[in-house]
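Inside the fold
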Amino acid sequence: AQSVTQPDIHITVSEGASLELRCNYSYGATPYLFWYVQSPGQGLQLLLKYFSGDTLVQGIKGFEAEFKRSQSSFNLRKPSVHWSDAAEYFCAVGEPGGGNKLTFGTGTQLKVEL
Amino acid sequence: GAVVSQHPSWVICKSGTSVKIECRSLDFQATTMFWYRQFPKQSLMLMATSNEGSKATYEQGVEKDKFLINHASLTLSTLTVTSAHPEDSSFYICSAWTASTSTEAFFGQGTRLTVV
């Protein structure tokens, strides 16, 4: 069965600082990988996704993520964090061809200090 | 991207009553819809997968008689929480998928259910 681990429950960064959120997955083949952001009481917004090809993917709001097969990782990065980025971030794994039935990580709560 | 709408956004109901949550794909036909549940400060857990015109497939540990899912049309799936209890209070989110959007499913905005 597939699984997703987000080792960091909480992360606090200063506005303008760089950010990296970690995500490790367990899956027999190359899965579909996603990063979502959730503001309090809101649904999920897709930041970016990886299916194949270039292992560095660009997303919305200045986010990017890099797929590293050897490390089974798909870490999310942003060079300069804005206060509005404070939210909960979820990494998710989907089975190719599985209609995107997703397995989510436990999430990382990002706080941004002004 | 495609739009998925959930209704209501929040609902409060009394213990013992039933509540229905709707999930609609507004601009595409969804052959498959997924229902997730999210406890406070926790991740999303898949409850069930529903395909239009057939019975839903429930994940292990999810009571199918308590969480009734209907996917009668390609644009609408409903989740009914029957005989609700306070422990059913949670955030419920649906997502919708179809072959034409095969690279991802699209999420609704979620429904906050509080059972008092």
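In the block above lies the structure referred to throughout.
Residues numbered from 1 in each chain as written. Chains lettered and ligands numbered in written order. Predicted model: local features only at pLDDT ≥ 70, side-chain atom pairs only at ≥ 80, totals over all residues. Heavy atoms only, no water.

**Some thoughts on the overall build of chain B**
Spelled out, the test is: In this description a helix means any DSSP run of H or I spanning at least four residues, a strand means any run of E spanning at least two, and both kinds are numbered starting from the N terminus. Restricting the calculation to C-alpha atoms gives the radius of gyration, and the globule rule supplies 2.2 Å times the number of residues raised to the power 0.38. Here the term buried applies to any residue with accessible area under 20% of the maximum for its type, exposed to any over 50%, and partly exposed to those in between, with areas from a 1.4 Å probe on protein chains only. Pairs of residues are marked as contacts when any of their non-hydrogen atoms sit within 4.5 Å. When charges are counted, neither His nor the chain ends are considered; positive counts come from Lys and Arg and negative counts from Asp and Glu. Throughout, a charge is located at the NZ atom of Lys, the CZ atom of Arg, the CG atom of Asp or the CD atom of Glu.
The secondary structure content of chain B amounts to zero helices and eleven strands. Taken over the C-alpha trace, chain B has a radius of gyration of 13 Å; the compact-globule value for 116 residues is 13 Å, and the two agree within 12%. Based on the C-alpha atoms only, the size of chain B along its principal axes is roughly 40 × 25 × 20 Å. Expressed as a percentage of its 116 residues, the buried residues of chain B come to 49%. At a minimum sequence separation of 6, the contacts of chain B that also span at least 24 residues come to 55%. Charged side chains of chain B number 9 positive and 9 negative; the gap between the two group centres comes to 7 Å.

**Describing unusual backbone geometry**
The omega torsion across His7(B) and Pro8(B) is 0°, close enough to zero to call that bond cis. When you line up the elements, Pro8(B) lands in the loop between strand 1 (4–7) and strand 2 (10–13). Residue Lys61(A) is not a glycine yet carries a positive backbone phi of 60°. Following the sequence through the fold, Lys61(A) ends up in the loop between strand 7 (56–58) and strand 8 (64–68). One non-glycine residue with positive phi stands out, namely Ser72(A), at about 50°.

**Description of the sheet that holds strand 1 of chain B**
Remark on secondary structure: sheet strands pair via backbone hydrogen bonds, oriented parallel or antiparallel. All names here are of chain B. Our working rule: Only strands that DSSP links by at least two bridges are regarded as paired with each other. Inter-axis angles, ranging from 0 to 180 degrees, are taken between N-to-C directions of lines fitted to C-alpha atoms, where helices are fitted over the stretch in contact.
The strand order 1-3-8-7 describes an open sheet built from four strands, whose pairing is antiparallel. In this open sheet, the two edge strands, each paired with only one partner strand, are strand 1 and strand 7 (67–73). Neighbour-to-neighbour, the strand axes of this sheet turn through a mean angle of 15°, independent of strand direction. In this structure, strand 3 (residues 19–25) lies alongside strand 8 (residues 76–81), joined through six bridges in antiparallel fashion. Across the sheet, the residue bridging to glutamate 22 is threonine 78, located in strand 8.

**Re the nonpolar core**
Residues and elements named next belong to chain A. Defined as follows: Residues belong to a common nonpolar core when they are buried Ala, Val, Leu, Ile, Met, Phe, Trp, Tyr or Cys residues joined through side-chain atoms within 4.5 Å.
Ranked by internal contacts, the top residues of the largest apolar core, which has 26 residues, are Leu19, Trp35, Leu47, Leu48, Phe74, Leu76 and Tyr89. For this core, the elements supplying multiple residues, two or more each, are strand 2 (10–14), strand 3 (19–21), strand 5 (32–38), strand 6 (45–50), strand 8, strand 9 (73–78), strand 10 (87–94) and strand 12 (108–113). Broken down by element, this core gets its largest block of residues, four residues, from strand 10. Each residue touching phenylalanine 74, except ones within four places of it in the same chain, is listed here: Cys23, Leu33, Phe34, Trp35, Leu48, Lys49, Tyr50, Val57, Ala65, Glu66 and Phe67.

**Quick look at the interface of chain B and chain A**
We count it as follows: As a working definition, buried area equals the accessible area (1.4 Å probe) given up by two parts on being put together, with both sides summed. Only one rule defines a salt bridge in this text: a Lys or Arg side-chain nitrogen within 4 Å of an Asp or Glu carboxyl oxygen. Two N or O atoms count as a polar contact when they lie within 3.5 Å, although within protein this holds only if one can serve as hydrogen donor and the other as acceptor, and sequence-adjacent residues are included solely when both atoms are side-chain atoms. Three classes are used, and their members are as follows: Ala, Val, Leu, Ile, Met, Phe, Trp, Tyr, Cys and Pro are nonpolar, Asp, Glu, Lys and Arg are charged, and the others, Gly among them, are polar.
Residue-level contacts link 19 residues of chain B with 20 residues of chain A. Both sides together, the interface formed by chain B and chain A hides about 1,500 Å², and carbon and sulfur atoms give 57% of it. It is Thr103(B), Glu104(B) and Phe107(B) in chain B that bury the most area against chain A; as a group they hold 30% of the surface buried on that side. Across the chain B-chain A interface, the total number found is two salt bridges. Where Lys101(A) meets Glu59(B), a salt bridge forms, and the shortest distance between an N and an O atom there is 3.4 Å. In this structure, the connection of chain B to chain A is made through six residue pairs in polar contact (both at pLDDT 80 or more). Here the side of chain B that touches chain A is built from residues that sort into nine nonpolar, eight polar and two charged.

**Remarks on the state of the cysteines**
Residues and elements named next belong to chain B. Note the following rule: Here, two cysteine sulfur atoms that lie within 2.5 Å of each other are counted as a disulfide.
Inspection of the entire model under this criterion finds two disulfides over all chains. For cysteine 23, the disulfide goes to cysteine 94, at an S-S distance of 1.9 Å. Taking the sign of the torsion about the S-S bond as the criterion, the disulfide between cysteine 23 and cysteine 94, at about 80°, is right-handed. A residue pair is termed long-range when its members are at least 10 positions apart, and cysteine 23 in strand 3 and cysteine 94 in strand 9 (residues 90–97) qualify at 71 residues. Neither residue differs from the other here; cysteine 23 and cysteine 94 are each classed as buried. As a non-bridged cysteine, cysteine 13 has cysteine 94 as the owner of its nearest cysteine sulfur, 18 Å distant.

**What about the pairing of strand 11 (residues 111–115) of chain B?**
Residue and element names in this part refer to chain B. Side chains Thr111, Leu113 and Val115 project from strand 11 onto a buried face, and the interleaved Arg112 and Thr114 project onto a face without burial. Here strand 2 runs beside strand 11; their pairing, made up of four bridges, is parallel. Bridging from a neighbouring strand, cysteine 13 pairs with valine 115 of strand 11. Two strands pair when backbone bridges link them, and strand 9 and strand 11 are joined in this way by three bridges, in the antiparallel orientation. Residue pairing in the sheet places phenylalanine 91 in a bridge with arginine 112 of strand 11.

**Let's talk about the pattern of salt bridges**
Evaluation of the coordinates by the stated rule reveals eight salt bridges over all chains. Among the ionic contacts, a cluster of salt bridges with common partners joins Glu64(A), Glu66(A) and Arg77(A).

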